[in-house]
Amino acid sequence: MADSLRRLINNESCRILQEKLESWYKDYHINSCDQNLNRCCEIIEMNSMIQGQLFTILNQTAREGGHYAGVETIKSRLLPWLGTCFSSTTLGRPFETSLSLIQESIEKERQLREFASTRNHELQQLEKELNATRLQLTLVQQDLAEAQMALEDTKTKSATTLLAAEDEIVHLKAALKASQAQEESALRNLDRLNDYEQQVQILKDEIAILGAQKSVLHSRLARSRSPSPRRCQSRSPSPLPLRSCSPGRAKLTNAARHAHLVARFSEIYTQERLDAQNLLRTYIDDLEIVQRIIYVAAVESFHAAKMAFRQFKMRVRKTLSLAYSGPESLEDTVLDYIVRHEDLYDVQASVNEVIRAMNINPKISFPPEVDFIMISSLIRELCRVAFSMQTLVPPLDIAFGADGELFNESKYRRSYDSDFTAPLVVYHVWPALMENDSIIVKGEAVSKRGALWSRRSRSKSRSRSRSMSPILSHSANPSRTLLPRSRSPSPIRSGSPRL
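The protein chain is annotated in an unreviewed UniProt entry as Mitochondria-eating protein of Gopherus agassizii. The heading Sequence similarities (unreviewed entry) in the UniProt record of the protein chain holds the text "Belongs to the MIEAP family."

S.K.: Explain the sheet that holds strand S5 (residues 438-441) here, please?
M.R.: Within a sheet, each strand pairs with its neighbour through backbone hydrogen bonds, oriented either parallel or antiparallel. Here we have three strands laid out as an open sheet, ordered S1-S4-S5, and antiparallel in their pairing. Both edges of this open sheet fall to strand S1 (396-398) and S5, since each of them pairs with a single strand only. With direction set aside, neighbouring strand axes in the sheet form an average angle of 45°. Of the pairings in the sheet, the one linking strand S4 (residues 433-435) to S5 comprises three bridges and is antiparallel in character. By the bridge assignment for S5, Met434 is matched with Ile439. Across the sheet, helix H8 (residues 254-281) lies against S1, S4 and S5, angled at about 65° from S5, the strand it touches most. The sheet strands contacting helix H9 (residues 287-320) are S1 and S4, and the helix crosses S1 at an angle near 140°.

S.K.: Honestly, a nonpolar patch on the surface in this entry has me stumped. Any pointers?
M.R.: On the surface, Leu187, Leu190, Leu193 and Tyr196 cluster together to form a nonpolar patch covering roughly 390 Å² of accessible area. With respect to the helices and strands, the residue Leu190 is situated in helix H5 (residues 88-225).

S.K.: Which parts of the structure should I look at to understand helix H10 (residues 330-340)?
M.R.: Working note: α-helix, 3.6 residues per turn, so residues spaced by three or four point in the same direction. Among the eleven residues that make up H10, eight are buried, leaving the element largely enclosed by the rest of the structure. Turning to H10, its buried residues number three or more, namely Thr333, Val334, Leu335, Asp336, Tyr337, Ile338, Val339 and Arg340.

S.K.: Could you clarify how one ought to interpret the sheet that holds strand S3 (residues 427-430) in this entry?
M.R.: Spatial ordering of the open sheet is given by S2-S6-S3, a layout of three strands whose pairing is mixed. Only two strands of the sheet have a single partner each, and these edge strands are strand S2 (412-414) and S3. Averaged over all neighbouring strand pairs, the angle between strand axes comes to 40°, with direction disregarded. Each of S3 and strand S6 (443-446) is contacted by H9, which is oriented at about 65° to S3, the strand it contacts most.

S.K.: Teacher, can you tell me more about the pattern of salt bridges here?
M.R.: Pairs may arise between side chains of opposite charge once their charged atoms sit close together. Throughout the structure, instances matching the rule amount to 19 salt bridges. Measuring nitrogen to oxygen at the nearest pair gives 3.9 Å for the salt bridge that ties Lys20 to Glu42. Pair noted here: Lys20 is in helix H2 (residues 13-26) and Glu42 is in helix H3 (residues 33-64), with a separation of 22 residues, a long-range link. Residue classification places Lys20 among the partly exposed residues on the basis of a relative accessible area of 32%. Accessibility expressed as a relative area gives 36% for Glu42, which makes it partly exposed. The salt bridge partner of Arg110 is Glu114, with a shortest N-O separation of 2.5 Å. A residue pair is termed a helical-turn pair when its members lie 3 or 4 positions apart in one helix, as Arg110 and Glu114 do in helix H5 at four residues.

S.K.: Could you clarify how one ought to interpret the nonpolar core in this entry?
M.R.: Generally speaking, soluble globular proteins have nonpolar side chains that are buried together. With 52 residues, the main nonpolar core has Ile293, Met358, Ile375, Ile379, Met389, Trp430 and Leu433 as its most contacted residues. Elements represented by at least two residues in this core include exactly H8, H9, H10, helix H11 (347-359), helix H12 (376-389) and S1. In terms of residue count, H9 provides more of this core than any other element does, 15 residues in total. Setting aside chain neighbours within four positions, we find Ile293 in contact with Leu280, Ile284, Met358, Ile364, Ser365, Phe372 and Ile375. Among the nonpolar cores identified, the runner-up in size contains seven residues, and Ala399, Val425, Met434 and Ala445 belong to it.

S.K.: Before we go on, may I ask you to explain the side chain of Asn36 in this structure?
M.R.: With respect to the secondary-structure elements, Asn36 resides in helix H3. Each residue touching Asn36, except ones within four places of it in the same chain, is listed here: Trp24, Asp27, Tyr28 and Asn31.

S.K.: Explain the packing of H8 against H12 here, please?
M.R.: Two numbers describe a pair of packed helices, the interaxial angle and the distance between the axes. Contact geometry for H8 and H12: axes closest at 10 Å, N-to-C directions at 165°. Between H8 and H12, the angle is such that the two are roughly antiparallel. Note on packing geometry: the crossing formed by H8 with H12 is left-handed. From H8, Arg257, Leu261, Arg264, Phe265, Ile268, Glu272, Arg273 and Ala276 reach across to H12, where they touch Leu378, Glu381, Leu382, Val385, Ser388 and Met389.

S.K.: Mind showing me how you'd approach the side chain of Gln390 here?
M.R.: With respect to the helices and strands, the residue Gln390 is situated in the loop between H12 and S1. With a relative accessible area of 12%, Gln390 lands in the buried category. Residues contacting Gln390, with those up to four places away along its chain left out, are Lys306, Phe309, Pro395 and Leu396.

What counts, and where the lines are drawn
Residues numbered from 1 in each chain as written. Predicted model: local features only at pLDDT ≥ 70, side-chain atom pairs only at ≥ 80, totals over all residues. Heavy atoms only, no water. UniProt positions renumbered as here; feature names shortened; annotations may be inferred. Pairing = 2+ DSSP bridges. Helix = DSSP H or I, 4+ residues; strand = E, 2+ residues; numbered from the N terminus. Axes fitted to C-alpha atoms, helices over the stretch in contact; angles between N-to-C directions. Contact = heavy atoms within 4.5 Å. Patch = residues over 30% accessible without salt bridge, like charges linked within 9 Å, V, L, I, M, F, W, Y side chains within 5 Å. Areas by Shrake-Rupley, 256 points an atom, 1.4 Å probe, with all protein chains shown as cover. Salt bridge = Lys/Arg side-chain N within 4 Å of Asp/Glu carboxyl O. Buried < 20%, exposed > 50% of the residue type's maximum accessible area, 1.4 Å probe, protein only. Core = buried A, V, L, I, M, F, W, Y, C linked by side-chain atoms within 4.5 Å. Parallel < 35°, antiparallel > 145°, perpendicular 65-115°, else oblique. Left-handed = near helix turned anticlockwise from the far one by under 90°.

And the structure:
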């Protein structure tokens with residue numbers, strides 16, 4: 001029996017069994033199910049071998065003690081242990097545990113196979129999609145190559161078409177120039193024809209007016225000779241229709257005439273005004289006096305032209321009202337007649353009126369050898385433009401300006417020698433042009449600090465010295481030279497024109 005124990009100890013089966021158990025415990029979660037089962041079976045086999053050797057030693061030990069030796073120990077310890085180990089309940093647990101482990105392993109293997117098959121199926125689908133994408137990419141590359149070829153072809157055709165188009169453009173430009181030349185020639189002929197028609201129309205209108213006046217004179221003569229009112233009424237002629245007048249021209253040409261007159265007003269400021277200023281500077285050294293003279297000339301020209309327009313309009317209305325029976329209103333007919341016959345305006349009478357008004361204006365002074373007839377060309381152009389501006393709807397007029405007024409940026413520009421921080425206007429260089437209450441062309445004014453009151457005192461002294469000028473000494477009443485803007489008979493200078 002001792003030899004058996006020595007062999008069991010030397011065999012080191014228990015130590016190997018312990019090492020296998022520890023190794024299995026460490027690698028349990030890493031190993032697969034089959035590996036864990038194999039390890040368990042190996043440990044069971046080793047345990048069974050050790051148990052077999054222990055039972056052999058137990059049997060030999062019991063034989064050495066005699067026939068009844070060790071009976072109590074076997075009864076008290078071995079038999080209960082055997083009964084506990086080999087009972088049905090204790091035997092069923094490891095079997096059920098192993099069975100459940102086997103089922104779990106089978107289920108996991110099945111899931112693993114399904115997962116593998118699913119992955120294989122997905123890989124196949126991805127391969128199919130990859131093949132389809134490659135096929136589409138090949139088709140797109142083919143389409144791109146075809147598009148590049150078509151683009152090159154289009155570029156070639158476009159270059160050819162562009163050359164042809166350039167040639168056609170050159171021919172069209174030549175044709176356009178020829179047509180423009182023909183159109184200009186036709187317009188010149190049309191302008192001539194319009195001039196002839198205008199002259200004919202003027203003659204017809206004058207004939208109609210003379211006929212109307214003749215009819216009025218005949219009717220008055222008949223009424224003066226007639227003994228009874230009834231007879232006078234029977235002999236009065238019927239009003240003559242103005243067939244020669246065609247109302248509507250003023251309305252149709254209003255916008256064009258408006259633009260032309262505004263442009264002409266600006267041209268007078270840049271050309272005729274500077275010419276007159278240079279002419280006056282040869283006799284007057286003071287630039288302020290020269291600019292004041294030109295400004296007063298512009299203001300008086302507009303005033304005289306407006307007065308002449310009112311008188312001319314009253315005469316035309318009085319004449320046309322005697323025999324007018326057209327579809328348009330009388331005012332439209334009168335305005336249309338004035339537009340057609342602006343050449344009947346007596347410009348020289350307005351020029352003379354402006355010069356007479358300037359001779360008695362207290363704001364300007366001049367040496368005896370200077371006569372305002374020197375700037376009669378500027379006054380004449382201003383009167384013509386001002387008269388034509390009254391025929392517009394609405395009419396144009398210049399803005400009112402007074403020395404010492406507050407400078408308005410929207411109304412005037414400052415002259416180059418002005419003080420740009422001064423708030424008041426010392427004197428005006430050119431009036432602003434207005435339409436109703438809005439400024440359409442700015443004027444020009446001079447603004448300086450501390451010069452307003454000195455300018456006013458100098459103006460008063462100039463006015464007194466000019467009233468005693470020998471040029472005006474022939475006036476019967478010298479005090480009449482101080483009448484402001486009166487159109488009553490005023491003293492006329494000996495050098496003033498009588499045209």
